[in-house]
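Reading the structure
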Amino acid sequence: MLGTIKDTVDEMREQGVKIGVLGITCFRPWPTAAVREALSGAKRVLVLEKSLAVGLGGIVASNVSASFHGSADDVYTVIAGLGGRSITRGSLHRVFAAAVEGSLEPVTFLDLDHSLVDRVLARERQHRRSGPIAEGILRDLGVVAAKIG
């Protein structure tokens, strides 16, 4: 993921956008001083990560926020690549541009299909039942699932 991010950042810098990238290679122990120093000139920080702590946001973003001298509101979490989903330069360009414009939500899911989520939530409200909802999602996408066994 870091290589694609670096390529995207390089393209945006060539277009005059003030943007940089910091790759975290050590999670524990958390490198607080190094992160703080590397981000000392940043106005806002966008953390791309592949994990999410429900109710907390991004796991890495929480650590970055604790290390950043700015306010916690200046650190944005973008959850990307869930389920092996591709992370493309086009998607990164869009999310980075939204961050530069200041229109990014505090926690964002890269390339989330909001209309699909809305349909699933509406169906779940109508048919309150426990259990998997994958079949309904596949139906909404027009994918036919084969029965096994």
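For the structure, check the block above.
A brief report on the enclosed structure follows. Because the structure is predicted, anything quoted here is derived from the model rather than measured.

**Thoughts on helix α1 (residues 2-14)**
Between its first and last C-alpha, α1 extends 18 Å over 13 residues, near the 18 Å set by a 1.5 Å rise per residue. Those residues of α1 not exposed but buried are Ile-5, Thr-8, Val-9 and Met-12. What you see down the axis of α1 is that its buried residues fit within an arc of 100°, all on one side. On its buried side, α1 packs onto β1 (45-49) and α4 (89-101). Looking one or two residues past α1, Gly-16 carries a phi angle of roughly 90°, positive in sign.

**Comments concerning the pairing of β1**
Taking burial as the measure, the five residues of β1 include four buried ones, the bulk of the element. Where β1 meets strand β2 (residues 75-79), five bridges bridge the pair, whose relative direction is parallel. Along β2, the bridge assignment pairs Val-47 with Thr-77. With helix α3 (residues 59-67) bridging β1 and the parallel β2, this β-α-β connection has right-handed handedness.

**Observations concerning the pairing of β2**
Burial within β2 is extensive, with five of its five residues counted as buried. Residues Val-75, Thr-77 and Ile-79 of β2 are buried on one face, and the alternating residues Tyr-76 and Val-78, pointing to the opposite face, are buried as well. As judged from the three bridges shared by β2 and strand β3 (residues 107-109), these two strands associate in the parallel manner. The residue bridging Ile-79 from the neighbouring strand is Phe-109, located in β3.

The rules behind each value
- Residues numbered from 1 in each chain as written.
- Predicted model: local features only at pLDDT ≥ 70, side-chain atom pairs only at ≥ 80, totals over all residues.
- Heavy atoms only, no water.
- Helix = DSSP H or I, 4+ residues; strand = E, 2+ residues; numbered from the N terminus.
- Expected span 1.5 Å × (residues − 1).
- Buried < 20%, exposed > 50% of the residue type's maximum accessible area, 1.4 Å probe, protein only.
- Arc of directions from axis to C-beta.
- Contact = heavy atoms within 4.5 Å.
- Pairing = 2+ DSSP bridges.
- Right-handed = clockwise from strand over helix to strand, strands pointing away.

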